[in-house]
Amino acid sequence: MPGRGRCPDCGSAELVEDSHYSQNQLVCSDCGCVVTEGVLTTTFSDEGNLREVTYSRSTGENEQVSRSQQRGLRRVRDLCRVLQLPPTFEDTAVAYYQQAYQHAGIRTARLQKKEVLVGCCVLITCRQRNWPLTMGTICTLLYADLDVFSGTYMQIVKLLGLDVPSLCLVDLVKTYCSSFKLFEASPSVPAKYVEDKEKMLSRTLQLVELADETWLVTGRHPLPVITAATFLAWQSLRPSDRLTCSLARFCKLANVDLPYPASSRLQELLTVLLRMAEQLAWLQVLKLDKRSVVKHISDLLQHRHMLVRKAFRDGTAKMDAGEKEVQGQGQGPGNEDVGSSALELPAVKRPASPALLLPPCMLKPPKRVCPTPPVSTVTGDEDISDSEIEQYLRTPQEVRDFQKAQAARQAAQSVPNPP
């Protein structure tokens, strides 16, 4: 046929029009090759200019993808672009979302869980590539509940059989501290509050490592600990100008949210620093408190490994010495055979044991409510069945008496009643 060209595969000119799903296609009658897929248009401009749109660029490829899944895929891509992740991260997160959506439990889940699934796929991708990102950041962007997010995250990891490494604390500190608005002078940040980024980051890392060594990070969310460590590092670099600044004002100046437990983590860090300060000779003469110890953070961090070990060793030694002293005073010379006169001796006061560097869950264990035992209403007049009475028989005579009584009762029951 003239004007239709030739087949690109066999070179034949026998090209015919064929209708496939109401779409005109140009097909080679010799080899069956589809030369053109027809004229598919998606906009009025394409239709007016007669621009050919291939099937892969049309909406035909999305016929088997539900609207909910299409919306989720778009949100995965949008979230990756908001976080400025590399393109390879976006492809991996989209692949994880598609794999998770194939499971019936995910397809039939509620809309809230599907919204959280978007963040879970992005977080898994970042964790696998050692990209510092926390659940709190994702929940803030998606306005999601942290409990729902963590439960869905664990479900997806188990469902897909993924190997997700734990988050590197050092990378998280670097990323989180970089978001603080304290490294450049601005109308909202006075000059005395501006700090060098490298100095502040280096000291924050040392404080976070100290918190890790003293079990203040284990089993807890890392951001409150990092916030408290950053605040102490910032104060210790210029204590004369910054000791009067509170943690809440510091977070407001830095333009970051104040995590709820950050105040408690701050008090725990200060307690550890005071305990370490007791081991330094030139600080023992000073009456330090939780405010003045900030001035000496530099010295404490310089010798932190030795001070932590010494605090453990000295604390244990003092407790052992106190126990031996109490035992020695109770069993001193001349007190071996005192008899009743020992009651007249004054009570020996046990020395207070020093607070060791233990996990907070051991220093302040949570109070456990013991269930109230049921009130016993046994009066002793209850009937005892034959199967239970054997448990109370002890002597052979009791056994014989019980057998006689049982035989007499059976005989009485077997006698017929008189007419």
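What you see is a predicted model; the values in this text were computed from it and never measured.

1. Focus on the side chain of T227
Tracing the chain through its elements places T227 in helix α10 (residues 222-237). The class for T227 is buried, based on a relative accessible area of 0%. Reaching out from T227, the side chain makes a polar contact with the side chain of Y176 at a distance of 3.2 Å. If we ignore the near neighbours within four places in the chain, the residues touching T227 are Y176, L247, C251, P259 and A262.

2. Brief notes about the packing of helix α5 (residues 111-128) against helix α7 (residues 146-160)
If you want to describe how two helices pack, look at the angle between their axes and the distance between the axes. Packing of α5 against α7 brings their axes to within 9 Å, and their N-to-C directions diverge by 65°. For α5 against α7, the interelement crossing comes out right-handed. On α7, the residues touching Q112, K113, V116, L117, G119, C120, L123, I124 and R127 of α5 are V148, F149, T152, Y153, Q155, I156 and V157. Among the residues forming the contact of α5 with α7, the class breakdown is 10 nonpolar, 4 polar and 2 charged.

3. Section: helix α2 (residues 67-82)
In a regular helix each residue adds 1.5 Å, so 16 residues correspond to 22 Å; α2 covers 22 Å between its end C-alpha atoms and thus fits that length. By the burial criterion, the buried members of α2 are Q69, G72, L73, V76, L79 and C80. All buried residues of α2 project into a common sector of 125° when viewed along the axis, lining one side. In α2, the exposed residues that point more than 90 degrees away from the buried face are R67, R81 and V82. Along its buried surface, α2 packs onto α3 (87-101), α5 and α6 (135-142). Among the residues trailing α2, Q84 stands out with phi positive, at a value near 55°.

4. What to know about the packing of α10 against helix α13 (residues 262-277)
Relative orientation of the contacting elements α10 and α13 amounts to 55°, with a least axis distance of 8 Å. In terms of orientation, α10 lies oblique with respect to α13. The interaxial crossing formed by α10 with α13 has right-handed handedness. Residues P224, V225, T227, A228, A229, F231 and L232 of α10 touch α13, and the partners they reach there are A262, R265, L266, L269, L270 and L273.

5. Overview of the side chain of Q69
Following the sequence through the fold, Q69 ends up in helix α2. Residue class for Q69 comes out buried when judged on its relative accessible area of 14%. The residues contacting Q69, other than those within four sequence positions of it, are Y97, Q98 and Y101.

6. Remarks on the confidence of the model for the protein chain
Predicted confidence across the protein chain gives a mean pLDDT of 77, with 71% of residues reaching 70 or more. Note on residues 330-354: pLDDT under 50 across the span, and 12 contacts to partners over four residues away in sequence or across chains.

7. A few points about the pattern of salt bridges
Overall, the coordinates contain 11 salt bridges when judged by the stated rule. Residues D241 and R238 are paired through a salt bridge, measuring 2.8 Å at the closest nitrogen-oxygen approach. Across the pair R265 and E268 runs a salt bridge, and its minimum N-O distance is 3.2 Å. With R265 and E268 both in helix α13 and 3 residues apart, the pair spans about one turn of that helix. Comparing R265 with E268 shows no difference in burial state: the two are buried.

8. Observations regarding unusual backbone geometry
The backbone of Q84 sits at a positive phi, close to 55°, despite the residue not being glycine. By the element assignment, Q84 lies in the loop between α2 and α3. Accessibility expressed as a relative area gives 67% for Q84, which makes it exposed. The phi angle at Y143 is positive, at roughly 55°, despite the residue not being glycine. Note that Y143 resides in the loop between α6 and α7.

9. Things to note about the state of the cysteines
Working definition: the covalent bond between the sulfur atoms of two cysteines is a disulfide. Considering all chains together, one arrives at 0 disulfides under this definition. Summary of cysteine pairing: C251 is not part of a disulfide, and the nearest cysteine sulfur, belonging to C245, is at 9.1 Å.

Calculation rules
- Here the residue index of a chain counts from 1 through its sequence in written order.
- In keeping with the model being predicted, local features are shown solely for residues with a pLDDT of at least 70 and side-chain atom pairs are shown and tallied solely at 80 or more, while totals for entire chains, interfaces and linings include all residues.
- Hydrogens are left out, water is left out, and the side-chain values use all remaining heavy atoms of the structure.
- Every helix listed is a DSSP run of H or I at least four residues long, and every strand listed is a run of E at least two residues long, numbered separately from the N terminus.
- Here the term buried applies to any residue with accessible area under 20% of the maximum for its type, exposed to any over 50%, and partly exposed to those in between, with areas from a 1.4 Å probe on protein chains only.
- Here a polar contact means two N or O atoms within 3.5 Å. Within protein one must be a hydrogen donor candidate and the other an acceptor candidate, and residues neighboring in sequence count only if both atoms are side-chain atoms.
- Contacts: residue pairs with any heavy atoms within 4.5 Å of one another.
- Only the contacting stretch of a helix is used when fitting its axis, a line to C-alpha atoms as for every element, and angles between N-to-C directions run 0 to 180 degrees.
- Left-handed is the label given to a crossing in which the near helix is rotated counterclockwise from the far helix by less than a right angle, and right-handed is the label when the rotation is clockwise.
- Amino acid classes used here: Ala, Val, Leu, Ile, Met, Phe, Trp, Tyr, Cys and Pro are nonpolar; Asp, Glu, Lys and Arg are charged; the rest, including Gly, are polar.
- A helix is expected to span 1.5 Å multiplied by its residue count minus one.
- What the arc measures is the spread of directions leading from the helix axis to the C-beta atoms.
- Working rule for angles: under 35 degrees goes down as roughly parallel, over 145 as roughly antiparallel, 65 to 115 as roughly perpendicular, anything else as oblique.
- As a per-residue quantity, pLDDT reports the predictor's confidence and falls between 0 and 100.
- In what follows, salt bridge is the name for a side-chain nitrogen of Lys or Arg lying within 4 Å of a carboxyl oxygen of Asp or Glu.
- Here, the term disulfide refers to a pair of cysteine sulfur atoms separated by no more than 2.5 Å.

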